[in-house]
Amino acid sequence: MRFRPPLVYLISALAILSGCGGDADYKPIDFSKTVAVAHPDTRPVQENVLRVAVAAMISPKETFIYYRELLDYLGRKSDHSIQLIQRRTYDEVNALFPKGEIDLAFICTGPFAASREKLGFQALATPQVRGQPFYQSYLIVPKDSSFQNFEDLRGRVFAFTDPDSNTGAMVPRYWLALLGETPESFFGKTIFTYSHDNSILAVAKGMVDAAAVDGHQWEYFERFRPAYTSKTRVIRKSQPFGSPPLVASDRLKEDVRSRIQDLMLSMHTDPEGRRILENLLIDRFLAPREEWYETARAMIDALPSQTK
């Protein structure tokens, strides 16, 4: 059995290693430097500013790289300034909606499927990737490991992303429930990395034995920055789920909501928009359909209540 460092070192090592070596341009992650949201009584909301939140699907540095051109495009075309807001967890982003502190957000499929009415937002656009408005959870292991299936991971060290992540937490918990197991009973140890690129990195560096990650994100890094994905191997893919949508607060003015939706849905017809989408490996954005998210709702409903 390979030596593994004590669990107390795994999280700190993850941040340190993300800044080491010449095989990729990763940097240490400091979540204390994410953008703070002004409280309504300290900074009035400006009419020409759109506050756009992104949770920890990918780490702060990668989020800026991934979304920068898309948000710049959206701002220019809608005649708004864009304020990018990052939060460490999905729950922290979701909590901003009832407070009226964000206008738009790229959120996870799980919270969208389970908490839309409670949080007060509506879907505007869903990305279509490789011809489908769906994505999957990828179960990844080190490339040179002997693991072939989920059951081989009993007693091993496993990385979840965010507790509310559909692909990074809900799916592996669902797989465990089907086996009559829980993370505590099945795995030797578990950690939360709070982003999909951190989970990929943890597997590639041998800090954990396996992780469940967003298939879109794995494919993106495999295409453009394969230094770490090339050191991993996908041993299982989940059923398809509706891709994480762009959502708008119920408090955002209807004309602004409609304008943003029109821009997103027509992006692929504009040369500049098409180039940006191609760089993100997105075909186009589609108007969301309820049935795309039924598989996520059904899975969440099937989970034991203590894991939801």
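On a predicted model such as this, the values are computed, not experimentally measured, just so you know.

Visitor: Explanation requested: the packing of aromatic side chains in the structure shown.
Guide: The geometry of two aromatic rings is summed up by the distance between their centres and the angle between their planes. Enumeration over the complete set of coordinates arrives at 17 aromatic pairs. Relative to Phe192, the ring of Phe160 has its centre 5.5 Å away and its plane inclined at 25°; by these criteria the two rings are stacked. Of the two residues, Phe160 sits in strand β7 (residues 157–160) while Phe192 sits in strand β8 (residues 189–192), which places them 32 residues apart along the sequence. Exposure remark for Phe160: the relative accessible area of 2% places this residue in the buried category. Looking at Phe192, the relative accessible area reads 24%, which means it is partly exposed.

Visitor: For this particular structure, what's the right way to read the nonpolar core?
Guide: As a rule of thumb, nonpolar side chains are buried together in soluble globular proteins. By size, the foremost hydrophobic cluster in this structure holds 47 residues, and its most contacted members are Leu70, Leu104, Phe106, Ile140, Ile260, Met264 and Phe285. Within the second largest apolar cluster, 25 residues are counted, among which are Cys108, Phe158, Met170 and Ala296.

Visitor: Help me understand helix α9 (residues 254–266), please; the structure alone is not making it clear to me.
Guide: Spacing of three or four residues puts side chains on the same side of an α-helix, whose turn is 3.6 residues. Over its 13 residues, α9 extends 18 Å from the first C-alpha to the last, a length consistent with the 18 Å expected when each residue adds 1.5 Å. Considered for burial, the residues of α9 that qualify are Val256, Arg257, Ile260, Leu263 and Met264. One face of α9 carries all of its buried residues, which in axial projection span an arc of 130°.

Visitor: Can you help me understand unusual backbone geometry in this one?
Guide: Of note, Asp79 is a non-glycine position whose phi angle comes to about 60°, a positive value. Position of Asp79 relative to the elements: it lies in the loop between α2 (60–78) and β2 (81–86). With a phi angle near 60°, Leu281 is a residue other than glycine that sits in the positive phi range. Among the secondary structure elements, Leu281 is positioned in the loop between α10 (271–279) and β13 (284–286). On the basis of relative accessible area, Leu281 is assigned to the buried category, the value being 18%.

Visitor: Please clarify how the pattern of salt bridges should be interpreted in this entry.
Guide: When charged atoms on two side chains of opposite charge get close, those side chains can pair. One pass over the structure, following the stated rule, counts seven salt bridges. Among the ionic pairs, Arg76 bridges to Glu272, the shortest N-O distance being 2.0 Å. One end of the pair, Arg76, is in helix α2; the other, Glu272, is in helix α10, and 196 residues separate them in sequence. Relative accessible area serves as the criterion here: at 46%, Arg76 is assigned to the partly exposed category.

Visitor: Please explain the pairing of strand β12 (residues 246–249) as it appears in this structure.
Guide: Side-chain direction in a regular strand flips from residue to residue, so the side chains alternate between the two faces of the sheet. As defined by bridge partners, strand β3 (residues 104–106) adjoins β12 across three bridges and the pair is classed as antiparallel. Bridge pairing in β12 places Leu104 opposite Ala248. Looking at chain direction, strand β4 (residues 121–128) and β12 are connected through four bridges and run antiparallel. From the neighbouring strand, Ala125 faces β12, where its bridge partner is Leu246.

Visitor: Sorry, what's going on with the sheet that holds strand β6 (residues 137–142) here?
Guide: Within a sheet, neighbouring strands are paired by backbone hydrogen bonds and run either parallel or antiparallel to one another. Read from one edge to the other, the open sheet built from five strands follows the order β8-β7-β9-β6-β10, with strand pairing classed as mixed. With one partner strand each, in any of the chains shown, β8 and β10 (232–237) form the two edges of the open sheet. The sheet shows a mean angle of 30° between the axes of neighbouring strands, direction not considered. In this structure, β7 lies alongside strand β9 (residues 210–214), joined through two bridges in parallel fashion. Following the sheet pairing, Phe158 is matched in β9 by Ala210. Sitting on the sheet, helix α7 (residues 196–204) is in contact with β6, β7, β9 and β10, with an inclination near 150° to β9.

What counts, and at which threshold
- Residues numbered from 1 in each chain as written.
- Predicted model: local features only at pLDDT ≥ 70, side-chain atom pairs only at ≥ 80, totals over all residues.
- Heavy atoms only, no water.
- Phe/Tyr/Trp six-rings, centres within 6.5 Å; stacked < 30°, edge-to-face > 60°.
- Helix = DSSP H or I, 4+ residues; strand = E, 2+ residues; numbered from the N terminus.
- Buried < 20%, exposed > 50% of the residue type's maximum accessible area, 1.4 Å probe, protein only.
- Core = buried A, V, L, I, M, F, W, Y, C linked by side-chain atoms within 4.5 Å.
- Expected span 1.5 Å × (residues − 1).
- Arc of directions from axis to C-beta.
- Salt bridge = Lys/Arg side-chain N within 4 Å of Asp/Glu carboxyl O.
- Pairing = 2+ DSSP bridges.
- Axes fitted to C-alpha atoms, helices over the stretch in contact; angles between N-to-C directions.
- Contact = heavy atoms within 4.5 Å.

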